[in-house]
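Structural features, examined
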Amino acid sequence: MKLELSNITVDVTDGGETRHILSGLDLVVEPGEVVAITGDSGSGKSTLVALAGLLRRPTSGSVILDGVDLASPSTSERDRTATRRREIGLVFQSSNLFPSLTAAEQLELVAHIDGRLDRDARARALELLELVGMGERANQRPGKLSGGERQRVALARALMNQPSIVLADEPTASLDAPRGREIMALLAESARVQGTSTLIVTHAPDQLSNVDRVVHLSGGQLVDRDLVGV
Ligand SMILES: Nc1ncnc2c1ncn2[C@@H]1O[C@H](COP(=O)(O)OP(=O)(O)O)[C@@H](O)[C@H]1O
Ligand SMILES: [Mg+2]
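As a starting point, this report considers the structure included with it. (Residues numbered from 1 in each chain as written. Chains lettered and ligands numbered in written order. Predicted model: local features only at pLDDT ≥ 70, side-chain atom pairs only at ≥ 80, totals over all residues. Heavy atoms only, no water.)

The subject of this paragraph is the sheet that holds strand β5 (residues 68-69). Adjacent strands of a sheet form backbone hydrogen bonds with each other and so pair up, either parallel or antiparallel. Taken in spatial order, the four strands make up an open sheet running β2-β1-β4-β5, and their pairing is antiparallel. Two strands in the sheet have a free side with no partner beyond their single neighbour: β2 (17-29) and β5. The sheet contact formed by strand β1 (residues 3-14) and strand β4 (residues 60-65) spans five bridges and is antiparallel. Note that in β4 the partner of Ser-6 across the bridge is Ser-62. Its contacts with the sheet put helix α1 (residues 45-52) on β1, β2 and β4, and the angle it makes with β1 is roughly 125 degrees. (Pairing = 2+ DSSP bridges. Helix = DSSP H or I, 4+ residues; strand = E, 2+ residues; numbered from the N terminus. Contact = heavy atoms within 4.5 Å. Axes fitted to C-alpha atoms, helices over the stretch in contact; angles between N-to-C directions.)

Here is the structure:
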């Protein structure tokens, strides 16, 4: 599914003053495409992910999925939540796994919340854990897993609802370089295999080898960045 952000503005009031975080930002991510976003700390990368993930509304502008503007004031929070659960997979810097659940249960919970934890969902959970190389550890709780392994589980969980859009906000920040590259490769592979539109925030230039396009966030807008030399 195509993800389109059009003429996005985000203003925040800070001590009585208005600050423009994003101003007139445009971005299109095509199905199967992997786009990386770089940018200085505080440039608005996480804000952008939150907008695309329907976790936050822009001050103005459109967030269009499948031709529908989900940022429009006429779209209810209920519709946004339903679309997020159905179409969007999110991965954050910290894996945010539940300490008391096994790797398989973290994924099954996604299906459970949707009221469809059945035999197929359990099978899919195991399949996804295999995909991220965690099939053997499906019955382990997060406390027994390394940081890289936990991020693999978080990635598998993000894919559990068969999302059309995958958004990852610095998913490799807590990992060493080789582990980070593995996660990036898995994100790219899932984009290609499942046709998801994938947006990854990263500040590690050595981890851009699997992406199709890099855009840089600066001054509230995105500029294309040459893959050569980053
Ligand atoms: N709800 C908010 N209220 C006030 N300031 C915010 C809010 N959300 C984000 N910001 C500010 O917007 C800027 C961009 O934040 P963020 O998107 O987290 O940047 P990044 O992820 O690139 O580091 C920061 O200066 C942050 O403090
Ligand atoms: Mg951030």
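What follows deals with the pattern of salt bridges. Evaluated as defined, the whole model comprises 14 salt bridges. In this structure, Arg-122 and Glu-108 form a salt bridge, with 3.4 Å as the shortest nitrogen-oxygen distance. Residue Arg-122 is found in helix α4 (residues 119-131), and its partner Glu-108 is found in helix α3 (residues 103-113); the two are separated by 14 residues along the sequence. Exposure remark for Glu-108: the relative accessible area of 13% places this residue in the buried category. Notably, a salt bridge pairs Asp-176 with Arg-179, separated by 3.5 Å at the nearest N-O pair. Judged by relative accessible area, Asp-176 falls into the partly exposed class, the value being 42%. Since its relative accessible area comes to 33%, Arg-179 is described here as partly exposed. Linked through salt bridges whose partners overlap, the residues forming this network are Arg-152, Asp-176, Arg-179 and Glu-182. (Salt bridge = Lys/Arg side-chain N within 4 Å of Asp/Glu carboxyl O. Buried < 20%, exposed > 50% of the residue type's maximum accessible area, 1.4 Å probe, protein only.)

Running from amino to carboxyl end, α4 crosses helix α6 (residues 177-194) at an angle of 130 degrees, the nearest separation of the two axes being 11 Å. By the angle between their axes, α4 is oblique relative to α6. The segment α4 lies against α6, with Arg-124, Leu-128 and Leu-131 engaging Leu-186, Glu-189 and Gln-194. Of the residues contributing to the contact of α4 with α6, the split by class is three nonpolar, one polar and two charged. (Parallel < 35°, antiparallel > 145°, perpendicular 65-115°, else oblique. Nonpolar A, V, L, I, M, F, W, Y, C, P; charged D, E, K, R; others polar.)

The phi dihedral of Asp-66 falls on the positive side, at around 55 degrees, and the residue is not glycine. Along the chain, Asp-66 turns up in the loop between β4 and β5. The class for Asp-66 is exposed, based on a relative accessible area of 59%. For Gln-162, which is not glycine, the phi dihedral falls at a positive 50 degrees. Tracing the backbone through its elements, the reader meets Gln-162 in the loop between α5 (147-159) and β7 (165-169).

Bringing the site of ligand 1 into the picture now. Looking at ligand 1, the residues that line it are Val-12, Arg-19, Ile-21, Asp-40, Ser-41, Gly-42, Ser-43, Gly-44, Lys-45, Ser-46, Thr-47 and Arg-56. In the model, an oxygen atom of ligand 1 is placed 2.8 Å from a nitrogen or oxygen of the Arg-19 side chain. Burial of ligand 1 by the protein amounts to 63% of the accessible area it has alone, namely 560 Å². Broken down by element, the residue count for the shell around ligand 1 peaks at three residues, all from α1. Counted by class, the shell around ligand 1 contains two nonpolar, six polar and four charged residues. (Near = heavy atom within 4 Å. Polar contact = N/O pair within 3.5 Å; in protein donor to acceptor, adjacent residues only side chain to side chain. Areas by Shrake-Rupley, 256 points an atom, 1.4 Å probe, with all protein chains shown as cover.)

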